[in-house]
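A closer look at the structure
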Amino acid sequence: MKGWCALLGERIGGLFLAGLGLAGLYIASRLNFGNVHQPGSGFYPVLVCVLLAALGVLSLVRADKGPAADGNYASGDKRIWVVVTALAVYTWALPKVGFVLCTVALLLLLLRSVGRVSWTGSAISAVVGSVTTYAGLVRLGLPLPAGLLPF
Amino acid sequence: MSILESLMLGFSVSLEPMNLAYCFLGVLLGTLVGVVPGLGSAAAIALLLPVTYKMSATSAIIMLAGIWYGSMYGGSTTSILLRVPGESASVMTCLDGFEMARKGRAGAALGIAAFGSFIAGTIGLVGLALLAPPLAEFALDFGPPEYFALAVLGLTLVSYLGSGTVTKALAMACLGLLLGVVGLDPVRSEARFTFGVLSLQSGIELIPMVMGLFGMSQVLHMVRGIHASAEEVAKPPKGLRALLPNRDEWRDATGAIGRGSLIGFLVGILPGAGSTISSYVAYALEKRRSPHPERFGRGAIEGVAAPESANNAATASGFIPLLTLGLPANVVMALMLGAFMLHGITPGPTLLAQNPGMFWGIITSMFVGNVMLLVLNLPLIGLFAKLARLRTQYLMPVVVVACIVGAYGVNNNPFDIFMMLGFAPEWDDVLEGAFSPAEWLRAVSDDDWWMFVGWPVLLLVATQTLFLLPICARGFRRTEQGTSLRLSVAMAGVVAAALTIGLGFAAWNLLHLLQFELGYSTELEYEIELREHHRWLMVGIVGVSWLLWSVILLFFARRKNDHWVGTRLIGLLLGGTIAEVIVVLPLDIMVRRNNDCYCSTGTFASLCFSAWALLWLAGPGALIAVLSKRRRLWWETHCAGCGYEKGPSPGAKCSECGFEWHKNPARPT
């Protein structure tokens, strides 16, 4: 028997899939459907969305059956959310602040806060890692954003 | 070109200095990836995909393939010394490998894993070299409907063999199909699901997707288990002599290596199965056939030899569907497909004809890589054991930066990093699904969609899929107070109806042929021209047939006595399903290739008859066999005398009819 938390997770997952299917169906319904001989742009997406919505509903109904999901991040660690949020902020800031500064901050957070490496070790690793990666990749021809830094 | 000439051509490509260097780099990286727990081969390949941009396609695939089979070698080291599987395919090796190490036989376990891997890898490659060319030639006759049917079969198998519930696996595959349609419609150039974002018009980029699916999801896994470490570490052996198993161990392991290689090779070809499942199957088989199964889990060398051989043979055979049909058998092969596509090459039946050097170069590079791995692994085991204790705290930031740079580097666009983050949760089946819409669209756009039911090869594969769908639905196999028995019967009825319509087509074809043979008609049109009313007639036949089959199957399901001629027949019919595939598919292609029309060959009538007869007989047979198990379970929870439900605490006899259950609790005669 699944615990209430796992059951809730399964139900949310089923609901998400069903919702995604229905939303997709709404969007796909505005595309040209065509017919079976000349399928339009929306023909295939409509079929897939209907199937996805049906499977989502089935997952919702059968949430209490089957083994509990292993990779349930929602019930787990706060550190996962720290990493995901940090990456989202990183992506937003990258074009404005630049690769080196963003990556130093990210690596510092990952090493110190998530990996619990000492402050000194984290700082040295973050700075050296970011600068060498930047220098190496720019030299290889990948134009990484410089941002606030002059180089 | 003979096989020897082809191999010579392959070796001339794979032994080029640059390719040799990439092969070495690949196997070295693969071994390291296998050794370091927390970083899988799929993640490593995904991380390195952008690096291959500037390489030649052959060198790129040689290197990525090296990572794949190299990780299988490396995975065994941590399994044996630390009881931490470096790869999912090495999980079974932990059981006996670590026990052997605790008993001071770590060297023998590592040695047999390396030798077994080498032997199995070589056997797998010989099989690949022998099987791939005829299969590629055979597949040249496949058209979009056949490819679509194969893709559906692949998705079904992935859902069946995947972890978790079948519903979720199918939903993930559907999500993959949906993601595959994002971008401009290839036929009408109409934007679909792009939400006005320009970056989405070319579809979802492969690299951010795989970086998210494999790289970032791996990071999240690392974050979860970042402070976990192996509790006990066995001492690595010192010196090469310590790695050699003794005579008794060799004797015990030889058969296991042979059987493991064979199982690995066969399971590796199946879509969705791969090296992990092959190692499970090989271990289970060894344990079952052993006269002393109690030794397993306590340091039996067969428990190391069989799974290690199986996972290496499976890596070689996994290339067969990719190189010959263009179908990825597992997620790593899906990444390989992506690598091919990045270089503008579509793997499949035409690869051998258009790029023989590349085709054979990849195969022979694996021979070379296997030798490299053997030489590399045995003397460096001590070093790898130290690397295996590398803390994930340091590994995780490296993977994060590699993912970011890889995703960003595709278009120099931060949007791709967001895209990668969106794929970070584990949605492995999504990737499998993302490749099939194109074939479907080609199939329905090229011709009338009725071609889906008219072509024998397609129908055979599709029917196999139909068998698998209800079988893999787990509810079908279980009983819960017998309540969903009717649903099972209805599902079986649908499938049986599909089979009946197939028989209808066969009869139609046969009638045309007989008319021609008997001189009533001088012209024989194989292609059936279906008019509108014919189509409705077909739908009607399916409907009637469904109802009819449901009644027949329901009758069977409710029948109390098991000892009747039908049950004996079921076993025979089940075998027919396998015979059907083995016999009919090659025959069909053979006949089709002889001439544009089936009719001009003498085997057509027999082929047509036997194909559909087998299809019809084997199909319901497989369904009835599944139903019979369910039926037995149903009767275990119901009174055999009157069918009354026993309830949670049944007494000695039925409260309805007084039937005494203990006399014959399941089924009276």
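Up top you'll find the structure we're talking about.
Not measured: the values here are computed from a predicted model. Along each chain, numbering runs from 1 in the same order as the chain's sequence is written. A letter from A marks each chain and a number from 1 marks each ligand, given out in the order of writing. At least 70 in pLDDT is required for a residue's local features to be given in this predicted model, at least 80 for side-chain atom pairs to be given and counted, and no such filter applies to totals for whole chains, interfaces and linings, which use all residues. Only hydrogens and water are set aside; all other atoms, that is, all heavy atoms of the structure, feed into the side-chain values.

Some points on the overall build of chain B
Stated precisely, the cut-off is as follows: In this text, helices come from DSSP runs of H or I with a minimum length of four residues, and strands from runs of E with a minimum of two, each type numbered from the N-terminal end. Note on definitions: a residue-residue contact is assigned when non-hydrogen atoms from the two residues lie within 4.5 Å. What sets the accessible areas is the Shrake-Rupley method with a 1.4 Å probe; for residues, cover comes only from the shown protein chains.
Within chain B, the secondary structure is distributed over 28 helices and 2 strands. A fraction of 76% describes how many contacts in chain B between residues 6 or more apart in sequence connect residues 24 or more apart. About 27700 Å² of surface is accessible on chain B, with carbon and sulfur atoms providing 65% of the total.

Side note on the environment of A:Leu144
Convention followed: Exposure categories follow from relative accessible area, calculated using a 1.4 Å probe and restricted to protein chains: below 20% of the type maximum is buried, above 50% is exposed, and the middle band is partly exposed.
In this fold, A:Leu144 is placed in the segment after helix 5 (119-139). The class for A:Leu144 is buried, based on a relative accessible area of 7%. Along the chain, A:Leu144 and A:Tyr134 lie 10 residues apart, while their C-alpha atoms are 7.2 Å from each other. Ignoring anything within four residues of it in the chain, the contact list for A:Leu144 reads A:Phe99, A:Tyr134, A:Leu137, A:Val138 and B:Tyr408.

A few points about the pattern of salt bridges
All names here are of chain B. Using the following cut-off: Whenever a carboxyl oxygen of Asp or Glu lies within 4 Å of a side-chain nitrogen of Lys or Arg, that contact is scored as a salt bridge.
For the structure on display, the rule yields 5 salt bridges over all chains. Here Arg251 ties to Asp248 by a salt bridge, and the two come within 3.2 Å at their closest N and O atoms. Within this pair, Arg251 and its partner Asp248 are both found in helix 10 (residues 247-269), separated by 3 residues, close to a single helical turn. Looking at Asp248, the relative accessible area reads 43%, which means it is partly exposed.

Points about helix 4 (residues 57-82) of chain B
All names here are of chain B. Defined as follows: Each helix should span, by expectation, one fewer than its residue count multiplied by 1.5 Å. Throughout, bend refers to the angle between the axes fitted to the seven residues that end at a position and the seven residues that start at it.
For helix 4, spanning 26 residues, the distance from its first C-alpha to its last is 37 Å, which sits close to the expected 38 Å at 1.5 Å a residue. A maximum bend of about 30 degrees is found in helix 4 at Ser71. With 26 of its 26 residues buried, helix 4 lies for the most part within the structure.

With respect to helix 14 (residues 331-342) of chain B
Residue and element names in this part refer to chain B. Along its 12 residues, helix 14 runs 16 Å from first to last C-alpha, staying within 8% of the 16 Å computed at 1.5 Å per residue. Along helix 14, 9 of the 12 residues are buried, which leaves the element largely enclosed by surrounding structure. Within the span of helix 14, buried status applies to Val332, Met333, Ala334, Leu335, Met336, Leu337, Gly338, Ala339 and Phe340. In the segment just after helix 14, Gly344 is the residue with positive phi, at about 75 degrees.

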